[in-house]
Amino acid sequence: MSHNSKPPPPHLNPARLKTALKMAISKSKFIQEKKSALTKQQRRQLADLLTQGKESSATIRVENIIRDDIYIELLEFIELYCELLLARISIILDPARTTCDASLIEAVQSVIYATPHTELKELNQIRDILIYKYGVDFGKAAKDNIDNFVPAKIVSRCQVDPPPQKLVEMYLCEIAKAYEAPYSKLRELELEQNLEDEKKAAEKKDDDENGDDDDEDGGSGGIKVPNPPIAETTDEPGTSKPAVVAPPVVPPVDKPVSAAKKQQNEFDELKARFAALKGL
């Protein structure tokens, strides 16, 4: 009597996989919101430590914030991959397709690769279904990223190495600026950032000047493009808008901003700067 050595597979049916994907997406959103609120509170606590002159303690604790931020980003990517798998579940469940579709291979292998680095139990179920569907060898290749289908943005966010010292200092710098707390390296890092900004501005100016001759209208490229609207959103006192603005719009009315709204705006700006830091 022949006996199949393959272990009994999870039920490969639409309801089971669809439910697991929906639960993984829902729990991922919940964990992201929970950790985002926690890191916001931790940043304020770090600002208090800096104010008290406890930079050594702040330097150690900021690593937890960096790791949580990176983990949140990992969950964001996994959430998107799960949404893609859910949208194309018919392709996965098609019995005629024995190999992974090219449009899904990054999502499938990334989910398999990242599952051990998350706290989503539903991903274990999804991973088992995917490995059963596409084979043990496919699953091993995904776990080890043998074929490099798992992008660097996932691999780097699954690593457990301590964050670079430069990133730690830049995080503390942003926290110090956001909460107006003292930090010994603040001026040094600001000078470096200013030099970097000037360098980028000079490069951009050179690129713009070199590209003037390629304008469709010909000539010397004398047509001036109005400043982007973001320049009009400055909150600095005494800032006036350009005399000529096209198209005409209703001028903004200075409305009182609630403390909660102002705090949220500051947090959103800080979060954007942190995202930029991690991209370095």
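A brief look at the structure comes next.

### Quick word on the overall build of the protein chain
1) Next: Within the protein chain one finds 10 helices and 0 strands.
2) Next: Listing the helices and strands of the protein chain from first to last along the sequence gives α-α-α-α-α-α-α-α-α-α.
3) Next: Every one of the 280 residues in the protein chain was classed for burial, and the buried ones make up 31%.
4) Next: Summarising the internal contacts of the protein chain: among those between residues at least 6 apart in sequence, 76% fall at separations of at least 24.
5) Next: Approximately 18,500 Å² of the protein chain is accessible, and the part contributed by carbon and sulfur atoms is 54%.

### Re unusual backbone geometry
1) Next: Residue N148 is not a glycine yet carries a positive backbone phi of 60 degrees.
2) Next: The exposure class assigned to N148 is exposed, which follows from its relative accessible area of 60%.
3) Next: Its identity as a non-glycine residue notwithstanding, E180 has a phi of 55 degrees, on the positive side.
4) Next: On the basis of relative accessibility, which here comes to 75%, the residue E180 falls in the exposed class.

### Here's the deal with the packing of helix α1 (residues 14–51) against helix α2 (residues 55–87)
Each pair of packed helices can be summarised by the angle the axes make with each other and by the distance between the axes.
1) Next: At a minimum axis distance of 9 Å, the contact between α1 and α2 shows a crossing angle of 160 degrees. It follows that α1 is roughly antiparallel to α2 by the angle criterion. In the crossing of α1 with α2, the sense of the turn from one axis to the other is left-handed.
2) Next: Residue classes in the contact of α1 with α2 are distributed as 16 nonpolar, 6 polar and 12 charged.

### Brief notes about helix α6 (residues 136–144)
1) Next: Within α6, burial applies to F138, G139, A141 and A142. For α6, the angular spread of the buried residues around the axis is 160 degrees, confining them to a single face. More than 90 degrees from the buried face of α6, the exposed residues found are V136 and D137.
2) Next: In this structure, the buried side of α6 is in contact with α4 (105–114) and α5 (121–134).
3) Next: Once α6 ends, the next one or two residues include N145, with phi positive near 50 degrees.

### A look at the pattern of salt bridges
A side chain of one charge can pair with a side chain of the opposite charge if their charged atoms are brought near each other.
1) Next: Enumeration according to the criterion identifies 12 salt bridges in this entry.
2) Next: E169 is paired through a salt bridge with K185; the nearest N and O atoms lie 3.9 Å apart. Of this pair, E169 sits in helix α8 (residues 165–178) while K185 sits in the loop between α8 and α9 (186–211), and the two are 16 residues apart along the sequence.
3) Next: On the accessibility criterion, E169 (13% relative accessible area) is buried.
4) Next: Several salt bridges share partner residues, and in doing so they unite D94, R97 and D101 into one network.

### Looking at the environment of N124
1) Next: Tracing the sequence through the fold places N124 in helix α5.
2) Next: Between the C-alpha atoms of N124 and A24, which are 100 residues apart in sequence, the distance is 9.9 Å.

Parameters at a glance
Residues numbered from 1 in each chain as written. Predicted model: local features only at pLDDT ≥ 70, side-chain atom pairs only at ≥ 80, totals over all residues. Heavy atoms only, no water. Helix = DSSP H or I, 4+ residues; strand = E, 2+ residues; numbered from the N terminus. Buried < 20%, exposed > 50% of the residue type's maximum accessible area, 1.4 Å probe, protein only. Contact = heavy atoms within 4.5 Å. Areas by Shrake-Rupley, 256 points an atom, 1.4 Å probe, with all protein chains shown as cover. Axes fitted to C-alpha atoms, helices over the stretch in contact; angles between N-to-C directions. Parallel < 35°, antiparallel > 145°, perpendicular 65-115°, else oblique. Left-handed = near helix turned anticlockwise from the far one by under 90°. Nonpolar A, V, L, I, M, F, W, Y, C, P; charged D, E, K, R; others polar. Arc of directions from axis to C-beta. Salt bridge = Lys/Arg side-chain N within 4 Å of Asp/Glu carboxyl O.

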